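Residues per chain are reported as follows:
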Amino acid sequence: MMHLRVASVFLCAMLAIVVACERLPGAPKASIPVVVGSPSWTLATFNTNCRGCHSQGAEGAALPLVNPGYWKIANDDQITKVIALGQGVSMPGYLDENGGPFSADEIDALVKGMRSMWGGEPHDGNPVLPGTISPTLVVGDAVAGALVFESACANCHGANGPAGSVTDPMYLRLISDQGLWSAVVYGRSELGSPPWNSPMPNHPNGLTPTEVADVVSWLATKRTQ
Amino acid sequence: MILARILALAKIPIEWIELRTGAIAFSKPMLFHHVPRSAKWWYVFGSATLMFFTIQIVTGVCLGTMYAPSAAQAWESLRYIDEDVPFGWMLRALHGWSSTAMVVMMVIHMLQVFLHGSFKFPRELNWITGVFLLLTVLALAFTGQVMRWDQDAYWGLGIGAAIVDRVPIFGDQMRGLLLGGPIIGGETLNRFFALHVFILPGAAIALVGVHMTLIIKNGISEMPKPGAVVVPSTYRKEFEERMEKTGVPFFPDAVQRDMVFCGTCLIILIILAASFGPFGPGGMPDPTLIDTNPRPDYPFMWIFGAVSLLPPASETAIMLITPAIGVLILIAVPFLSNSGERAPSRRPGMVLVAVFVVMAIVALTYEGVTSPWSPVMDAWSSLATPAQFIKGRTPLQVQGAVVFQSVQCRNCHELGGFGGKRGPALDEISTRLSPDQLVRQIQQGGGNMPAFGKNLNSAQMSALVAFLGTLRPENEPDSKIPGANLPLPTSMSPPDRGVLTR
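Computed from a predicted structure; not experimentally measured.

### Re the overall build of chain B
The secondary structure content of chain B amounts to 18 helices and four strands. Among the 502 residues that make up chain B, the fraction classed as buried is 45%. In chain B, of all internal contacts separated by at least 6 residues, the share reaching a separation of at least 24 is 76%. A total of about 25,100 Å² of accessible surface is found on chain B, and carbon and sulfur atoms cover 70% of it.

### Side note on the overall build of chain A
Along its length, chain A carries nine helices and zero strands. Buried positions account for 46% of the 225 residues belonging to chain A. A separation threshold of at least 6 residues defines the contact pool for chain A, and within that pool the share at least 24 residues apart is 63%. Summed over its atoms, the accessible surface of chain A is roughly 11,400 Å², and 63% of this surface lies on carbon and sulfur atoms.

### Some thoughts on the pattern of salt bridges
Applying the stated criterion across every chain yields a total of nine salt bridges over all chains. With its nearest N and O atoms 2.8 Å apart, the salt bridge here joins D76 of chain A to R115 of chain A. You can see D76 of chain A sitting in helix α4 (residues 76–85) and its partner R115 of chain A sitting in helix α5 (residues 104–119), a full 39 residues away along the chain. The exposure class assigned to D76 of chain A is partly exposed, which follows from its relative accessible area of 24%. Taking the shortest distance from any N to any O, the salt bridge between D82 of chain B and R92 of chain B comes out at 3.0 Å. You can see D82 of chain B sitting in helix α4 (residues 74–83) and its partner R92 of chain B sitting in helix α5 (residues 88–115), a full ten residues away along the chain. The same class applies to D82 of chain B as to R92 of chain B, namely buried. Linked through salt bridges whose partners overlap, the residues forming this network are E76, R79, E83 and D84 of chain B.

### Here we look at the environment of A360 of chain B
Residues and elements named next belong to chain B. Summarising the element assignment, A360 is placed in helix α14 (residues 348–370). Judged by its relative accessible area of 28%, A360 is partly exposed. Expressed as a C-alpha distance, the spacing of A360 and W302, which sit 58 residues apart in the sequence, is 8.6 Å.

### Some details on the confidence of the model for chain B
Residues and elements named next belong to chain B. Per-residue confidence for chain B gives a mean pLDDT of 82; residues scoring 70 or more make up 84%. Of all helices and strands in chain B, the one with the weakest mean pLDDT is helix α7 (residues 151–165) (70), whereas helix α3 (residues 45–64) scores best (96). Considering only residues more than four positions removed or in separate chains, one finds that residues 285–292, a stretch of pLDDT under 50, has nine contacts. Across residues 478–502, where pLDDT falls below 50, the model places 48 contacts with residues more than four positions away in sequence or in other chains.

### As for the interface of chain B and chain A
Put simply, an interface is often sized by how much accessible area is lost when its parts join up. Taken together, the 54 residues of chain B in the interface contact 56 residues of chain A. Counting across the chain B and chain A interface gives zero salt bridges. Linking chain B with chain A are six residue pairs in polar contact (both at pLDDT 80 or more). Sorting the residues of the side of chain B that touches chain A by element identifies α4, α5, α11 (250–276), α15 (379–382), α16 (395–406) and α18 (458–468) of chain B as the ones contributing at least two each. In terms of residue count, α16 of chain B provides more of the side of chain B that touches chain A than any other element does, nine residues in total.

### Examining the nonpolar core
Residue and element names in this part refer to chain B. Of all hydrophobic cores here, the largest spans 77 residues; its most connected members are I442 and L468. Tallying contributions element by element places α18 first for this core, with eight residues. Beyond its immediate chain neighbours, meaning those up to four positions away, L468 contacts F404, L426, I429, S430, L438 and I442. Within the second largest apolar cluster, 45 residues are counted, among which are L94, A204, A273 and A274.

### Focus: the packing of aromatic side chains
Inspection of the entire model under this criterion finds 18 aromatic pairs over all chains. On the basis of an interplanar angle of 15° and a centroid distance of 5.7 Å, the ring pair of Y235 of chain B and F239 of chain B is categorised as stacked. Taken as a pair, Y235 of chain B and F239 of chain B lie in helix α10 (residues 232–246) at a separation of four residues, close to a single helical turn. An aromatic cluster is built from Y70, W71 and Y186 of chain A, whose rings are joined through pairwise contacts. Against the face of F239 of chain B rests R123 of chain B, its NZ or CZ located 5.0 Å from the ring centre.

### Remarks on the packing of α3 of chain B against α11 of chain B
All names here are of chain B. Viewed as axis vectors pointing N to C, α3 and α11 meet at an angle of 45°, and their least axial separation amounts to 9 Å. Judged by the angle between their axes, α3 and α11 are oblique. Along this stretch, α3 crosses α11, giving a crossing that reads as right-handed. Here F45, S47, A48, M51, F52 and I55 of α3 lie close against α11, whose contacting residues are D258, F261, C262, C265, L266 and L269. Here the residues of the contact of α3 with α11 are counted per class, giving ten nonpolar, one polar and one charged.

### With respect to helix α8 (residues 177–186) of chain A
Residues and elements named next belong to chain A. For α8, the tally of buried residues reaches eight of ten residues, placing the bulk of the element in the interior. Within α8, burial applies to Q178, G179, L180, W181, S182, V184, V185 and Y186. Where α8 ends, the next residue or the one after it, G187, has phi of about 60°, a positive value.

### Describing the state of the cysteines
Taken as a whole, this structure holds zero disulfides over all chains when the rule is applied. In this structure C153 of chain A is not part of a disulfide, and its nearest cysteine sulfur, from C156 of chain A, lies 8.4 Å away. This cysteine, C412 of chain B, is not joined by any disulfide, and C409 of chain B carries the nearest cysteine sulfur, 8.7 Å off.

### Notes on the packing of α8 of chain A against helix α9 (residues 209–223) of chain A
Residue and element names in this part refer to chain A. Here α8 crosses α9 at 135°, and the two axes come no closer than 10 Å. The pairing of α8 with α9 is recorded here as oblique in orientation. Where α8 crosses over α9, the handedness of that crossing is right-handed. Across from D177, L180, W181, V184 and V185 in α8, the residues of α9 making contact are V212, V215, V216, L219, A220 and R223. Grouping the amino acids of the contact of α8 with α9 by side-chain chemistry returns nine nonpolar, no polar and two charged.

### Overview of the side chain of Q460 of chain B
Inspection of the secondary structure assignment puts Q460 of chain B in helix α18. In this structure Q460 of chain B comes out as buried when scored by relative accessible area, which is 8%. Not counting residues up to four positions away in its chain, the partners in contact with Q460 of chain B are V89 and L174 of chain A together with V403, V407 and N455 of chain B.

Each value, and the rule that gives it
- Residues numbered from 1 in each chain as written.
- Chains lettered and ligands numbered in written order.
- Predicted model: local features only at pLDDT ≥ 70, side-chain atom pairs only at ≥ 80, totals over all residues.
- Heavy atoms only, no water.
- Helix = DSSP H or I, 4+ residues; strand = E, 2+ residues; numbered from the N terminus.
- Buried < 20%, exposed > 50% of the residue type's maximum accessible area, 1.4 Å probe, protein only.
- Contact = heavy atoms within 4.5 Å.
- Areas by Shrake-Rupley, 256 points an atom, 1.4 Å probe, with all protein chains shown as cover.
- Salt bridge = Lys/Arg side-chain N within 4 Å of Asp/Glu carboxyl O.
- pLDDT = per-residue confidence, 0-100.
- Polar contact = N/O pair within 3.5 Å; in protein donor to acceptor, adjacent residues only side chain to side chain.
- Core = buried A, V, L, I, M, F, W, Y, C linked by side-chain atoms within 4.5 Å.
- Phe/Tyr/Trp six-rings, centres within 6.5 Å; stacked < 30°, edge-to-face > 60°.
- Lys NZ or Arg CZ within 6 Å of the ring centre and 35° of its normal.
- Axes fitted to C-alpha atoms, helices over the stretch in contact; angles between N-to-C directions.
- Parallel < 35°, antiparallel > 145°, perpendicular 65-115°, else oblique.
- Left-handed = near helix turned anticlockwise from the far one by under 90°.
- Nonpolar A, V, L, I, M, F, W, Y, C, P; charged D, E, K, R; others polar.
- Disulfide = S-S within 2.5 Å.

Below, the structure written as structure tokens:
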């Protein structure tokens, strides 16, 4: 008799747990489904995976991407490729086939999302870009580039220049040609590094696309020396 | 009347099977073998451990039907089990809590056996198979934590990899074997899945079988009495005689207590699972959880605590040698003394040892729970280098900051108050270490920091050291490293140098 009573109390308790299952204190709270491509997804993905290197303003060690000036010039196909496959020494590839966390669709969605968030606005702070420049690396004339460097860049980057050397082979081994090109074209005005079309010594209207290509080609030759 | 008929009918297939297998004849001695009358409540812990193990197998098999062991889908499949499968979360909660309970119960069981000297002749092998069971169960708990594939899993893997990395000569190969590659990746999860659901449970079931066989062969030891010494040459004969005279059958006498205790444990387990829910999965796709504190599960918390307290220099020795010595000592216990007194009152030294071990584990677990010392898994890609450490730096130094992020120093080191807390914050590191010392620290690691030597090329190393050389307090403008302390370019505008953009 006693046993039966204990057993029925136990059974009732089990039944109560079963009925109350979803309301028990330990039941996990439902997670909010994330829609790939939504602004919140884009921001969250960017903040977790990219912001550590590409931030905004003076923050972050690599080229800022929260930067309308970047999106004015950069080309989506090229950005997609860089994100998928990586670039240079330090930019990892994010495509799942390369061991990264994202599918090709997710990378497309990320690029579209970033463009709609940061690409639409006018270029704040800096002068509006007068000329246009193709975002892809063009091979230039290294000999002409040496002259461009001497006139436009050496004040800041020459021996004892305040901005430090950009011809140090150690530095050049860490950055790709495309990375050099982006550094010259976009600059980082918050750090005192001028964009390509802003006034530079002996170039009051900035550089021409040819001069950019030339100076980048010249820098690239310094890498192997 | 009808009941008797039914019973008589049921007998037919039972006898049919018995005739062909001998199952009843086989299990009868197990059920009705005599156990000491004095075997009271002290003896229930082993049965409770076995019960938790059974729960692990049942819930584990159920979870195995729904879990996706791939790096891309593991987290999502846990969310699916938690939120979409009816009672799925309860299943995970039971599996998680029962795993911890099993380890705890096992340790209590071992303590009881140790204190009562039950490992002495002829039960040395009972103890030794028990030690191997403990190791297997700890391995199951460890690999189980990896199944969650979240930040806590990363902690365990990181420490595990660091330990095998330190093995002389074969370190790299062993790390590759453990992780399925040089780094923690998708292969790692597959490898641990195979261990967790095939290899280790298989080993555990086999060991449980051997352990049970030995228990039945050697009988259950009596309560220790001061003065009742174990003499190997006569013990077995006397023991069997005493059992014959004063013993009680295991079923139903002793089994009653086991059942009451196991039932109580089961109820407590269900209450724990219902009120605290499943373990994790913690911080994976949630970007707002940047500074989550990865922690190992409770069975390993004391290791976490111990590692955080270690003096850096002695570390390799401690990480590699201590566990090995600990296991050897455990195995050696019955050989160190397998005869003589069993009563705790006549073995005060052994009681002190047990008390010390328990206190050490409790204290280290407390340290592990409270220590803020932990890496942040995605700091490298989510926490930007603060502007004050970028402004006024040369291109090489800025590239050093990129390297600092890309080789994941930030996961363990804070800059500007954000980042991992495993190593010290490096905001002012140039005042503490010279460039040579920096190179040595990065190449050779040490003190819980992995050695980066082979993984960084000379350009990355010089950039990194150039960057670290600029990290100094703001009120101390003079860096010890020449050239690191350039004036801000924005403050430079002699007229002949053109106009700066800002």
